[in-house]
Amino acid sequence: MNRFRVGLIGCGAISPLHLEAVSKSSIAELTAVSDIREERAKAAAEKYGCNYYTNYKEMIEKESLDSIHICTPHYLHPVIAVYAAEKGVNVLTEKPMSVTLEQADEMIEACKINKVALGVIFQNRYNAGSKLIKKTLESGELGRILSARMRVNWYRTSEYYTSSDWKGTWDKEGGGVIINQAIHTLDLLRWFINSPIEYVDANISNRFHPEIEVEDCAEGVVKYKNGAISIFQALNYYSYNAPIDMEIHCEKGLVKMVADEAVISFNDGRELTASRSAMDNSEESGKDYWGIGHAAQIEDFYQSLLKGEKPFIDGEDARKTQALVCAIYQSGRERKKVNL
Ligand SMILES: NC(=O)c1ccc[n+]([C@@H]2O[C@H](COP(=O)([O-])OP(=O)(O)OC[C@H]3O[C@@H](n4cnc5c(N)ncnc54)[C@H](O)[C@@H]3O)[C@@H](O)[C@H]2O)c1
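Being a predicted model, the structure only gives us computed values, none of them experimental.

A.B. asks: How would you explain the site of the ligand if you had to name every residue and give the values?
C.D. replies: The local shell around the ligand holds 28 residues, among which D35, R40, H74, K95 and Q123 are the closest. Within the contact set of the ligand, an oxygen atom lies 2.7 Å away from a side-chain nitrogen or oxygen of R40. The side chain of H184 places a nitrogen or oxygen atom 3.3 Å from an oxygen atom of the ligand. Starting from 850 Å² of accessible surface for the ligand in isolation, the protein chains cover 90%. Of all the elements in the fold, those that place two or more residues in the shell around the ligand are helix 4 (76-86) and helix 8 (177-193).

A.B. asks: Any details on the pattern of salt bridges? Residues and values, ideally.
C.D. replies: Evaluation of the coordinates by the stated rule reveals 24 salt bridges. With its nearest N and O atoms 3.3 Å apart, the salt bridge here joins E247 to R149. Pair noted here: E247 is in strand 11 (residues 245-250) and R149 is in strand 7 (residues 145-153), with a separation of 98 residues, a long-range link. For R149, a relative accessible area of 46% corresponds to the partly exposed category. In this structure, E247 and K256 form a salt bridge, with 3.2 Å as the shortest nitrogen-oxygen distance. Accessibility expressed as a relative area gives 16% for E247, which makes it buried. Judged by relative accessible area, which is 41%, K256 ranks as partly exposed. Through salt bridges with shared partners, one network takes in R125, D187, R190 and D317.

A.B. asks: So what's going on with the sheet that holds strand 10 (residues 229-235)? Which residues, and what values?
C.D. replies: Strand order in the open sheet made by the nine strands is 14-13-12-11-7-10-9-8-15, with mixed pairing throughout. Of all strands in the sheet, those with a lone pairing partner are strand 14 (271-274) and strand 15 (338-339), marking the two edges. As paired elements, strand 8 (residues 197-205) and strand 15 share two bridges and run antiparallel to each other. Across the sheet, Y199 pairs through a bridge with N339, a residue of strand 15. In the packing of helix 8 onto the sheet, contacts are made with strand 7, strand 8, strand 9 (217-224), strand 10, strand 11 and strand 12 (253-258), and the angle to strand 7 comes to roughly 160°.

A.B. asks: Describe helix 5 (residues 101-113), and please don't skip the residues or the numbers.
C.D. replies: With 13 residues, helix 5 should reach 18 Å at 1.5 Å per residue; the first-to-last C-alpha distance of 18 Å fits that figure. Looking at helix 5, one finds that the buried residues are A104, M107, I108, A110 and C111. The arc that holds the buried residues of helix 5, viewed along the axis, is 165°, so those residues lie on one side. Facing away from the buried side of helix 5 by over 90 degrees, the exposed positions are E102, K112 and I113.

A.B. asks: Lay out the sheet that holds strand 4 (residues 67-70) in plain terms, naming residues and giving numbers.
C.D. replies: Strand order across the open sheet formed by six strands is 3-2-1-4-5-6, with parallel pairing between neighbours. The strands lining the two open edges of the sheet, one partner per strand, are strand 3 (51-53) and strand 6 (118-120). Averaged over all pairs of adjacent strands, the angle between their axes in this sheet comes to 25°, without regard to strand direction. Together, strand 1 (4-9), strand 2 (28-34) and strand 4 form the strand contacts of helix 1 (residues 15-24), whose direction differs from that of strand 2 by roughly 145°.

A.B. asks: An account of the nonpolar core is requested, with residue identities and associated values reported.
C.D. replies: I68, I133, I178, F192, F232, I248 and I328 are the most contacted members of the largest nonpolar core, which totals 76 residues. At eleven residues, helix 8 tops the list of elements feeding residues into this core. Counting contributing residues per domain, this core is built from domain 1 (4-123) and domain 2 (124-277 + 314-339), each supplying no fewer than three. Those residues in contact with I68, other than ones at most four positions away along the chain, are G7, I9, M59, I60, I80, A84, V89, N90, V91 and L92. A44, C50, F301 and Y302 belong to the second largest nonpolar core, which has 26 residues in total.

A.B. asks: Report on the packing of helix 4 against helix 5, specifying residues and quantitative values.
C.D. replies: Where helix 4 contacts helix 5, the two axes come as close as 9 Å, and the packing angle between them is 15°. As summarised for this structure, helix 4 and helix 5 are arranged roughly parallel, according to the angle between their axes. Classified by chirality, the crossing of helix 5 by helix 4 is left-handed. For the pair helix 4 and helix 5, contact is made by H77, P78, A81, V82 and A85 and by Q103, E106, M107, A110 and C111, respectively. Grouping the constituent residues of the contact of helix 4 with helix 5 by class yields seven nonpolar, two polar and one charged.

A.B. asks: If you had to explain the packing of aromatic side chains to someone new, which residues and values would you point to?
C.D. replies: Evaluated as defined, the whole model comprises ten aromatic pairs. Between Y238 and Y240, the ring centres sit 5.6 Å apart and the planes meet at 40°, which makes this aromatic pair tilted. Among the residues examined, Y238 registers a relative accessible area of 37% and is labelled partly exposed. Grouping aromatic residues by their ring pairs yields a cluster made of Y126, W191, F192 and F312. The positively charged end of R156 is found above the aromatic ring belonging to Y160, 5.2 Å away from the centroid. Taking the ring centre of Y199 as reference, the NZ or CZ of K337 above it sits at 4.2 Å.

Basis of the calculations
- Residues numbered from 1 in each chain as written.
- Predicted model: local features only at pLDDT ≥ 70, side-chain atom pairs only at ≥ 80, totals over all residues.
- Heavy atoms only, no water.
- Near = heavy atom within 4 Å.
- Polar contact = N/O pair within 3.5 Å; in protein donor to acceptor, adjacent residues only side chain to side chain.
- Areas by Shrake-Rupley, 256 points an atom, 1.4 Å probe, with all protein chains shown as cover.
- Helix = DSSP H or I, 4+ residues; strand = E, 2+ residues; numbered from the N terminus.
- Salt bridge = Lys/Arg side-chain N within 4 Å of Asp/Glu carboxyl O.
- Buried < 20%, exposed > 50% of the residue type's maximum accessible area, 1.4 Å probe, protein only.
- Pairing = 2+ DSSP bridges.
- Contact = heavy atoms within 4.5 Å.
- Axes fitted to C-alpha atoms, helices over the stretch in contact; angles between N-to-C directions.
- Expected span 1.5 Å × (residues − 1).
- Arc of directions from axis to C-beta.
- Core = buried A, V, L, I, M, F, W, Y, C linked by side-chain atoms within 4.5 Å.
- Domains from an automatic or database assignment.
- Parallel < 35°, antiparallel > 145°, perpendicular 65-115°, else oblique.
- Left-handed = near helix turned anticlockwise from the far one by under 90°.
- Nonpolar A, V, L, I, M, F, W, Y, C, P; charged D, E, K, R; others polar.
- Phe/Tyr/Trp six-rings, centres within 6.5 Å; stacked < 30°, edge-to-face > 60°.
- Lys NZ or Arg CZ within 6 Å of the ring centre and 35° of its normal.

In structure tokens, the structure reads:
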């Protein structure tokens, strides 16, 4: 079988997780990489033995790619995805899929019209703890979800922002702690609760990062149509990257997640747990708070292409989290409740 020919765009911080996963796959092969910073593209190409480009359009033209991985600044995700779709190339993009909801729709539409797949990275859904929580909630054993809360207390230095030409900006990053960091936990909780959202009521502010224009802090409520009330708090000025924590209070038990470990306590005394296995703690996992799911999601994306199925996290699914993120920003800016 010919392996899927993969081109990666954006050889920055997250790219090694994609490059490692593709280079270890038995159904995909790394064909080329591209970055406007030639030294980055060249270094990745030398390490992984592939071609490199400084122009992703040229890479797509010349390399007969089956798919691209987008690892660029956020505002470029829709631009590159639509270009690739129009060339008949499948797309796997890093989160967030876009900055605005309109751009997310353009991506979905372009991929649909050109009959290519659109996958969006939310690797934490692949953690053992996430899977246990999802499965147990779906089984109905926990009864109705009453409320939930999540907290992302992380640490981003001034240097993290000043050394980047896109982080900390509304036009290129699309926001701060919500769209870049807390989006993972917002996505997980939305996926667990599995209901359309009724409204979002949020505050956003910048307290400790005067060098950026976007928020470094947000809190609020997400009211779901199934009645569940979810409370969130996210900030980028804690003194370290504390493990994310989440709790889901159900009629028949309590779900707790700390980092990627889950404990489910039923009211009748039973308990279920899931944690990261020793095998998962590989060097390629990247920073601890990135989690360990990239390899699993990337392999799953290619398995879905092989079977001719939709990716597990496709554009339509990721759009729901994009809508939540955009509603948090609208509510925070306009200081009002936003109905979805
Ligand atoms: N899933 C996760 O846990 C996780 C973690 C970190 C970052 N990310 C995401 O990965 C993406 C990249 O983030 P990063 O931290 O690696 O950023 P980065 O700034 O380190 O890297 C981005 C790279 O894109 C390149 N680039 C910019 N414009 C380009 C263009 N037109 N063509 C080709 N390359 C171009 C830049 O030169 C840079 O090398 C973002 O969407 C981010 O949110 C995801």
